[in-house]
Amino acid sequence: MPTTLYAVPVSNFCATVRLVLRLKEVAYDEKPPPDGYGSAAYKAVVPTGTVPGLVDGDVVLSESSVIVEYLDARYPVPSLRPVRAPAERARLRWLARLHDGRIEPPLRALFGHVDPAGRDPAVVEAEWRRLETRLAELAAAVAPAPFLAGDRLTLADVPYPATLLLGERMAAALGRELALPPALAAWWRHLRAQPPVAAMLADYAPAVDAWLDAERAEGGG
Ligand SMILES: N[C@@H](CCC(=O)N[C@@H](CS)C(=O)NCC(=O)O)C(=O)O
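Note that the structure is a prediction, hence the values are computed from the model and not measured. (Residues numbered from 1 in each chain as written. Predicted model: local features only at pLDDT ≥ 70, side-chain atom pairs only at ≥ 80, totals over all residues.)

*Asks:* Explanation requested: the site of the ligand in the structure shown.
*Replies:* The ligand sits among 13 residues. The nearest are Ser 11, Phe 13, Tyr 37, Thr 50 and Ser 64. Classifying every residue of the shell around the ligand by side-chain character gives four nonpolar, seven polar and two charged. (Near = placed C-beta within 6 Å. Nonpolar A, V, L, I, M, F, W, Y, C, P; charged D, E, K, R; others polar.)

Here it is as structure tokens:
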């Protein structure tokens, strides 16, 4: 039975799982969640009703970070955890967790503010500052060489490309600029140039742009 990824085009978390499937050259089917995410029909398959969801035989998972670790264990080459020392392995998970827990949430808090009709400038200002503060914290915690945790692309890098692209596109829609600290800017340039990352982003960008266009059209109409 083929591996099935339940996903929606605009989700950055789904794009992250697609990137890992691509890095590991795993064949899979992608389906939209039946009746949409959160529906009873989808919860009958993936109990949380969230996307991404992964079904691999008897294995049913949600939460992108867990799906990524599962895929890395199931398809070990190329490894996203090419280190053995507990401290090094923890660092990879820590840097990935900073994405999920600290950097992505301020951006997500602004989804409802892309449509000018629903925009609160004070919230946009506050969340954008929160995003910039957290990117500065990440920059202070790393010395990309050239990837976030050393000379190989790891678990630490994979959640960032989709979110940074989303952030760049949202910045333009919100009249802002996503100004990365210099060390992160160089890392991001290198990361987005990796062929599997570039290919994932090329697929993902049109979905983000279609969403932003639809939001702006709502505001205009
Ligand atoms: N922590 C989850 C977040 C995934 C997430 O927020 N997915 C959104 C779509 S981008 C979703 O399913 N929302 C529906 C819900 O939360 O019920 C992950 O990493 O997979």
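*Asks:* I would appreciate a short explanation of helix H4 (residues 86–108) in the present structure.
*Replies:* Spacing of three or four residues puts side chains on the same side of an α-helix, whose turn is 3.6 residues. With 23 residues, H4 extends 32 Å between its outermost C-alpha atoms, agreeing within 8% with the 33 Å of an ideal straight helix rising 1.5 Å per residue. In H4, a bend of some 35 degrees at His 99 exceeds every other bend along the element. Packed against the buried residues of H4 are helix H3 (64–74), helix H5 (121–141) and helix H6 (160–174). (Helix = DSSP H or I, 4+ residues; strand = E, 2+ residues; numbered from the N terminus. Expected span 1.5 Å × (residues − 1). Bend = angle between axes of the 7 residues up to and from the residue. Contact = placed C-beta atoms within 7 Å.)

*Asks:* How do you make sense of the pairing of strand E2 (residues 28–31) when you look at a structure like this?
*Replies:* The side chains of a regular strand alternate, residue by residue, between the two faces of the sheet. As defined by bridge partners, strand E1 (residues 3–6) adjoins E2 across four bridges and the pair is classed as parallel. Residue pairing across strands places Leu 5 opposite Glu 30, the latter belonging to E2. (Pairing = 2+ DSSP bridges.)

*Asks:* Explain the environment of Glu 215 to me, please; I cannot follow it from the model alone.
*Replies:* Position of Glu 215 relative to the elements: it lies in helix H8 (residues 195–220). Taking the C-beta count within 10 Å as the criterion, Glu 215 has 21 such neighbours and is therefore assigned buried. Along the primary structure Glu 215 and His 113 are separated by 102 residues, whereas in three dimensions their C-alpha atoms are 9.1 Å apart. Residues contacting Glu 215, with those up to four places away along its chain left out, are Val 114 and Asp 115. (Buried ≥ 20, exposed ≤ 12 C-beta atoms within 10 Å, placed from the backbone.)

*Asks:* Please explain the domain arrangement of the protein as it appears in this structure.
*Replies:* Accessible area lost on assembly of the parts is the figure often given for the size of an interface. According to the domain assignment, the protein contains domain 1 (3–74) and domain 2 (86–220). Listed as interface residues are 13 residues of domain 1 and, on the opposing side, 17 residues of domain 2. For the side of domain 1 that touches domain 2, the secondary-structure elements that each account for two or more residues are helix H1 (12–23) and H3. No other element matches the eight residues that H1 contributes to the side of domain 1 that touches domain 2. In terms of residue class, the side of domain 1 that touches domain 2 is made up of seven nonpolar, three polar and three charged. (Domains from an automatic or database assignment.)

*Asks:* How should I be thinking about the sheet that holds E2 in this particular structure?
*Replies:* Adjacent strands of a sheet pair through backbone hydrogen bonds, lying either parallel or antiparallel. On the basis of which strands lie adjacent, the open sheet formed by four strands has the order E2-E1-E3-E4 and mixed pairing. Edge positions in the sheet fall to E2 and strand E4 (59–62), since each of these pairs with one other strand and no more. When strand polarity is set aside, the average angle formed by the axes of neighbouring strands in this sheet is 15 degrees. Relative to E4, strand E3 (residues 53–56) runs antiparallel, the two being bridged by four bridges. Bridging across to E4, Val 55 finds its partner in Val 60. (Axes fitted to C-alpha atoms, helices over the stretch in contact; angles between N-to-C directions.)

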